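Overview (structure and organization)
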Amino acid sequence: MFMFLFLVVALAVVVAAVTLSVVGGGEGAPLPEAVPERLADPLPYDRPVNRGDVEALRFPLVLRGYRMVDVDDALGRLGAEIAERDARIVDLETALAGARAATATTSLRKPAEEDHQ
């Protein structure tokens, strides 16, 4: 008898809690739609990307890992930056090699010119 009374009281409490949460819970307006989390692109467009920018890069998580579009965009941007830096390095190395060759040629000519005088 005691167990039956306990089950009836427990059932009444559960029904009352569900009723209050459905009818009286909230201000009557439905919950707003959740805005999907998007990558706030921290990679700067006004200067070259540096190591700190890459370390600070965090992708928002979605159901199966990361949003592919965000990762592809970031990797494309980083690839373009690396290609641009590689091209700049090649240009600078070529200019340096040319300057060294010109200096070597000039230093070889000076002693020869001094011997003729």
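Here the structure is shown first, and the text comes after it.
Residues numbered from 1 in each chain as written. Predicted model: local features only at pLDDT ≥ 70, side-chain atom pairs only at ≥ 80, totals over all residues. Heavy atoms only, no water.

1. Some thoughts on the side chain of aspartate 53
Stated precisely, the cut-off is as follows: Where helices and strands are cited, they refer to DSSP runs of H or I of at least four residues and of E of at least two residues respectively, numbered from the N terminus. Type-normalised accessible area, obtained with a 1.4 Å probe on protein chains alone, sets the label of each residue: buried when under 20%, exposed when over 50%, and partly exposed for intermediate values. A contact between two residues is defined here by any heavy atoms of the two lying within 4.5 Å.
Relative to the helices and strands, aspartate 53 is located in helix α2 (residues 51–56). A relative accessible area of 11% means that aspartate 53 is categorised as buried. Not counting the four nearest positions on each side in its chain, aspartate 53 is found in contact with Leu43, Pro44, Arg47 and Pro48.

2. Brief notes about the packing of aromatic side chains
Convention followed: Here the aromatic set is Phe, Tyr and Trp, taking the six-membered ring for Trp, and pairing holds for ring centres within 6.5 Å; pairs whose planes are under 30 degrees apart are stacked, those over 60 apart are edge-to-face, and all others are tilted. Each ring is checked for a lysine NZ or an arginine CZ that lies within 6 Å of its centre and within 35 degrees of its normal; such an atom marks a charge sitting over the ring.
Applying the stated criterion to the full structure yields one aromatic pair. Between phenylalanine 59 and tyrosine 66, the ring centres sit 5.9 Å apart and the planes meet at 65 degrees, which makes this aromatic pair edge-to-face. Under the relative-accessibility criterion, phenylalanine 59 is labelled partly exposed at 23%. Between the NZ or CZ atom of arginine 77 and the centre of the ring of tyrosine 45, over which it lies, the distance is 4.3 Å.

3. Points about the environment of arginine 77
Note that arginine 77 resides in helix α3 (residues 68–116). Put simply, arginine 77 and leucine 43 are 34 residues apart on the chain and 8.4 Å apart in space, counted from C-alpha to C-alpha. Leaving out residues up to four positions away in the same chain, arginine 77 has contacts with Leu43, Pro44, Tyr45, Arg47 and Val49.

4. Description of the nonpolar core
Under the convention used in this document: Each nonpolar core is a collection of buried residues, namely Ala, Val, Leu, Ile, Met, Phe, Trp, Tyr and Cys, held together in the definition by side-chain atoms within 4.5 Å.
One finds Leu43, Val49, Leu57, Ala74 and Leu78 forming the largest nonpolar core, which totals five residues. In this structure leucine 43 touches Val49, Asp53, Ala74 and Arg77, once residues within four positions along its chain are discounted.

5. Some remarks on the pattern of salt bridges
The following threshold applies: For this document, the term salt bridge refers to a Lys or Arg side-chain nitrogen within 4 Å of an Asp or Glu carboxyl oxygen.
Evaluated as defined, the whole model comprises four salt bridges. A salt bridge links arginine 47 to aspartate 53; the nearest nitrogen and oxygen atoms lie 2.8 Å apart. Judged by relative accessible area, which is 37%, arginine 47 ranks as partly exposed. Among the salt bridges present, the one from glutamate 55 reaches arginine 51, with a minimum N-O distance of 2.7 Å.

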